[in-house]
Amino acid sequence: VTVGRLGNMFTVSRDVFAPADCIVLEANERLKGERELVNTSAESEGWLLKLQLLDEAPALMDERQYQAHCAEEAGDATPAVEE
């Protein structure tokens, strides 16, 4: 489900997808003035949306699984995982 777009007229825009059918409860208005938070503080101040899933939550990756996935995609067999 497409829930928005990231980017501006000077960069390439990207669609933002939700993991399942959902209702957008809140958008982070702070990002209008501080776009860099998406990259510098994505897991705290730079959140995009608060969602309510309409169906059962799909199986999503946790941080460790996501880092391993990214390393695999990049061809690195030994991902660096911070504890």
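Look above for the structure.
Report on the accompanying structure.

Rules behind the numbers
Residues numbered from 1 in each chain as written. Predicted model: local features only at pLDDT ≥ 70, side-chain atom pairs only at ≥ 80, totals over all residues. Heavy atoms only, no water. Phe/Tyr/Trp six-rings, centres within 6.5 Å; stacked < 30°, edge-to-face > 60°. Lys NZ or Arg CZ within 6 Å of the ring centre and 35° of its normal. Helix = DSSP H or I, 4+ residues; strand = E, 2+ residues; numbered from the N terminus. Expected span 1.5 Å × (residues − 1). Polar contact = N/O pair within 3.5 Å; in protein donor to acceptor, adjacent residues only side chain to side chain. Salt bridge = Lys/Arg side-chain N within 4 Å of Asp/Glu carboxyl O. Buried < 20%, exposed > 50% of the residue type's maximum accessible area, 1.4 Å probe, protein only.

1. Examining the packing of aromatic side chains
Turning to step 1, where the next piece is worked out: Enumeration over the complete set of coordinates arrives at 0 aromatic pairs.
Turning to step 2, where the next piece is worked out: Here the basic side chain of Lys50 rests over the ring of Trp47, its NZ or CZ set 5.0 Å away from the ring centre.

2. Quick notes on helix α2 (residues 63-74)
Turning to step 1, where the next piece is worked out: Its 12 residues place the ends of α2 16 Å apart at the C-alpha level, agreeing with the 16 Å of an ideal helix rising 1.5 Å per residue.
Turning to step 2, where the next piece is worked out: Its side-chain oxygen at 3.2 Å from the backbone nitrogen of Arg64, Asp62 defines the N-terminal cap of α2.
Turning to step 3, where the next piece is worked out: Among the residues trailing α2, Gly75 stands out with phi positive, at a value near 85 degrees.

3. Side note on the pattern of salt bridges
Turning to step 1, where the next piece is worked out: Evaluation of the coordinates by the stated rule reveals 4 salt bridges.
Turning to step 2, where the next piece is worked out: Residues Arg30 and Glu34 are paired through a salt bridge, measuring 2.9 Å at the closest nitrogen-oxygen approach.
Turning to step 3, where the next piece is worked out: Judged by relative accessible area, Arg30 falls into the partly exposed class, the value being 35%.
Turning to step 4, where the next piece is worked out: Look at Glu34 and you get partly exposed, because its relative accessible area is 28%.
Turning to step 5, where the next piece is worked out: Residues joined in a network through salt bridges with shared partners are Arg30, Glu34 and Glu45.

4. Describing the environment of Leu49
Turning to step 1, where the next piece is worked out: Structurally, Leu49 can be placed in strand β4 (residues 49-53).
Turning to step 2, where the next piece is worked out: A residue is classified by how much of its surface remains accessible, and Leu49, at 26% relative accessible area, is partly exposed.
Turning to step 3, where the next piece is worked out: Sequence separation between Leu49 and Leu25 is 24 residues, and the spatial gap between their C-alpha atoms is 7.4 Å.

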